[in-house]
Amino acid sequence: MSEPVRSVTSIDEDSQASNPPRTSDPGKRPSPIASNRRAARSKSGTLGANRLFVLDTNVLLHDPTSLFRFEEHDIFLPMIVLEELDGHKKGMTEVARNGRQTSRTLDALVAQRGGDMTKGLKLSATGHQSAKGLLFFQTEPLDAQLPSSLPQGKADNQILGVVHALRGKYPKREVILVSKDINMRVKARALGLAAEDYENDKTLDDGELLYPGALALPQDFWTRQSKTIESWASGSHTFYRVSGPTVGQFYINQFVYFEAPGEPSLYARVTEIRDKTAVLKTLKDYTHLKNAVWGVTSRNREQNFALNLLMDPEIDFVTLAGTAGTGKTLMALASGLTQVLDDRRYTEIIMTRATVSVGEDIGFLPGTEEEKMGPWMGALDDNLEFLAKGDGGNAGEWGRAATNELVRSRVKIKSMNFMRGRTFMNKYVIIDEAQNLTPKQMKTLITRAGPGTKIICMGNLAQIDTPYLTEGSSGLTFAVDRFKGWPHGGHITLARGERSRLADFASEVL
């Protein structure tokens, strides 16, 4: 972010710009803010009028379509918000783009035929039928009496003054401030004003867990299935048709496993769900040396699941989440090299990542695009060194050097900044550190995929370095949630670290 922005959080996101509000989709969970409103409405019971939401500038700069996310409720924009929007419209940053889009939206709403600013403008006039409320602008001075300890010239305090005045002007209506600024919400509550966060962009509530991609079958699974189970073999895989209440928890391409002492274990993937029955397909065992992928074998259950996804040509999109040292990059690279150099399934590996520093930025970097990306690709170099060391047999130093050169010639490093408009055909694309991407950036990258391309997104949601992104609003969370159950996509959360005993202990105790 190259310019200071007053109390703007998550300004890079526009996760809902091209999707309808989740509240209108019967198959999706309603947005948290809508749930809050319904709960409050049912408690109060007799709200004569719809609520009036006063939007802070950072909400509009964060999501330009936020005006249409409040269902039947009305929206009020103070004059200082319009002034601040004007101050953020210049430049090529995401903030500036969102500011310009908001201004265009407001212009279209103001220009509607028969509209009267004093009586409110219909939010549905531009085609957003889910927004049934009215938009009000501050068309007259409002008498705001705030404590003298609050500086009167500050924009935050002017907005708080407007909320305070509106509460006095409409005593029978519930007036709520919506802001992404935590301090602003704290100040509002200290003054006895209602304030909420803008939560429509969050894929998950704080109390919810990310879809893990794997499910443990209950201990009585086989005894319950004994009379109704069907099984058949095809090639090296065995298929089981199962039924019962457990099937209701299944998603397509979800991994299921059964482990019990004294009983045979089952590791399978859900390939079909129809009514109350599901088909399970046993997995290829990548823990065995004969199935090693570029010399790499899986060391635990979740790594085996991940390699089954990475090596399956029918799976076009894979998301891997896990803490440091769980083998995400190593498995993705090993699978890529095998499918590019041995199977000739893809022409090359393209690797990119979000260039977000952990600490202070070191400034400009010299060289070409690939050379500039070099310092960010330490993980790639570490893993390529490990993979090259295991290959080449007894070919000696010259043989290893030739193998190394061949491997590197098939791995291209690209910057995300130049991805717009590109199409990757028959490529194996690895997006590292995907937890630092916003949903909008994630959409930009995934939509680059052309015919025959496979995309792997990897990240650790506990290591988000992008300012204003949280686990609930990260692009990785967004992708996992939206691709859940898609027949050509799969996700697995890697649980156990395999880097070293030091790294495993550090990730637990630090």
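Residues numbered from 1 in each chain as written. Predicted model: local features only at pLDDT ≥ 70, side-chain atom pairs only at ≥ 80, totals over all residues. Heavy atoms only, no water.

Draft legend 1. Geometry of unusual backbone geometry. Of note in this structure, W294 is not a glycine but carries a positive phi near 50°. As for its placement among the helices and strands, W294 is situated in the loop between strand 12 (277-282) and helix 8 (301-310). Judged by its relative accessible area of 15%, W294 is buried. Phi at N426 takes a positive value of approximately 55°, unusual for a residue other than glycine. With relative accessibility at 33%, the residue N426 sits in the partly exposed group. (Helix = DSSP H or I, 4+ residues; strand = E, 2+ residues; numbered from the N terminus. Buried < 20%, exposed > 50% of the residue type's maximum accessible area, 1.4 Å probe, protein only.)

Draft legend 2. Representation of the packing of helix 3 (residues 79-87) against helix 5 (residues 155-169) within the structure. With their axes 9 Å apart at the nearest point, helix 3 and helix 5 run at an angle of 150° to one another. Judged on the interaxial angle alone, helix 5 and helix 3 are roughly antiparallel. Touching I80, V81 and E84 of helix 3 are A155, Q158 and I159, all from helix 5. Its residues assigned to classes, the contact of helix 3 with helix 5 comprises four nonpolar, one polar and one charged. (Axes fitted to C-alpha atoms, helices over the stretch in contact; angles between N-to-C directions. Parallel < 35°, antiparallel > 145°, perpendicular 65-115°, else oblique. Contact = heavy atoms within 4.5 Å. Nonpolar A, V, L, I, M, F, W, Y, C, P; charged D, E, K, R; others polar.)

Draft legend 3. Geometry of the environment of D275. For D275, the location among the structural elements is in the loop between strand 11 (266-274) and strand 12. You can call D275 exposed: its relative accessible area is 76%. Distance from D275 to G248, taken between C-alpha atoms, is 9.1 Å for residues 27 residues apart in sequence.

Draft legend 4. View of the sheet that holds strand 7 (residues 214-216). Pairing in this open sheet of six strands is mixed, and the strands run 7-10-11-12-9-8 from one edge to the other. Lying at the two open borders of the sheet, with one neighbouring strand each, are strand 7 and strand 8 (230-234). The sheet shows a mean angle of 30° between the axes of neighbouring strands, direction not considered. Two strands pair when backbone bridges link them, and strand 8 and strand 9 (residues 237-243) are joined in this way by five bridges, in the antiparallel orientation. (Pairing = 2+ DSSP bridges.)

Draft legend 5. Broad picture of a nonpolar patch on the surface. A surface patch of nonpolar side chains, amounting to about 380 Å² of accessible area, comprises F505, V509 and L510. Along the polypeptide, F505 turns up in helix 15 (residues 501-509). (Patch = residues over 30% accessible without salt bridge, like charges linked within 9 Å, V, L, I, M, F, W, Y side chains within 5 Å. Areas by Shrake-Rupley, 256 points an atom, 1.4 Å probe, with all protein chains shown as cover. Salt bridge = Lys/Arg side-chain N within 4 Å of Asp/Glu carboxyl O.)

Draft legend 6. Up close: the pattern of salt bridges. Scanning all chains against the criterion turns up 16 salt bridges. Where R301 meets E302, a salt bridge forms, and the shortest distance between an N and an O atom there is 3.1 Å. For R301, a relative accessible area of 25% gives the class partly exposed. For E302, a relative accessible area of 10% corresponds to the buried category. Notably, a salt bridge pairs K427 with E348, separated by 3.9 Å at the nearest N-O pair. Of the two residues, K427 sits in strand 16 (residues 427-432) while E348 sits in strand 14 (residues 348-353), which places them 79 residues apart along the sequence. The pair formed by K427 and E348 is uniform in burial state, with each residue classed as buried. Among the charged side chains, a salt-bridge network with shared partners connects E230, R241, E272 and R274.

Draft legend 7. Quick peek at the packing of helix 8 against helix 9 (residues 328-342). Contact geometry for helix 8 and helix 9: axes closest at 10 Å, N-to-C directions at 35°. Every pair of crossing elements has a handedness; the one defined by helix 8 and helix 9 is right-handed. Across from Q303, A306, L307 and L310 in helix 8, the residues of helix 9 making contact are M331, A332, S335 and Q339. Here the contact of helix 8 with helix 9 is composed, by residue class, of five nonpolar, three polar and no charged. (Left-handed = near helix turned anticlockwise from the far one by under 90°.)

Draft legend 8. The nonpolar core, seen in detail. By size, the foremost hydrophobic cluster in this structure holds 42 residues, and its most contacted members are L55, L67, L77, L135 and L177. If you tally residues by element for this core, the top one is helix 5, at six residues. Not counting residues up to four positions away in its chain, the partners in contact with L77 are L55, L60, L67, L82, L106, L135, F136, F137 and Q138. Membership of the second largest hydrophobic core comes to 38 residues, among which are W294, M311, A332 and L387. (Core = buried A, V, L, I, M, F, W, Y, C linked by side-chain atoms within 4.5 Å.)

Draft legend 9. Representation of the sheet that holds strand 2 (residues 74-77). Read across the sheet, six strands follow the order 3-4-2-1-5-6 without closing on themselves; strand pairing throughout is mixed. Two strands in the sheet have a free side with no partner beyond their single neighbour: strand 3 (121-122) and strand 6 (194-196). Summarising the sheet, strand 1 (residues 52-55) and strand 2 pair through three bridges and their orientation is parallel. Looking across to strand 2, one finds that L52 is bridged to D74. Each of strand 1, strand 2 and strand 5 (175-178) touches helix 5; the most contacted strand, strand 5, lies at about 165° to it.

Draft legend 10. Representation of the packing of aromatic side chains in the model. One pass over the full model with this rule turns up 13 aromatic pairs. Considering the side-chain rings of F221 and W222, the 5.3 Å spacing of their centres and the 65° angle between planes classify their relative orientation as edge-to-face. Ring centres of W222 and F258 lie 6.3 Å apart, and the angle between their planes is 75°; on these two criteria the pair is classed as edge-to-face. Placement of W222 in helix 7 (residues 221-225) and of F258 in strand 10 (residues 255-258) is noted, with a sequence separation of 36 residues between them. A residue is classified by how much of its surface remains accessible, and W222, at 23% relative accessible area, is partly exposed. On the basis of relative accessible area, F258 is assigned to the buried category, the value being 0%. Joined through ring pairs, the aromatic side chains of F221, W222, Y240 and F258 make up one cluster. (Phe/Tyr/Trp six-rings, centres within 6.5 Å; stacked < 30°, edge-to-face > 60°.)

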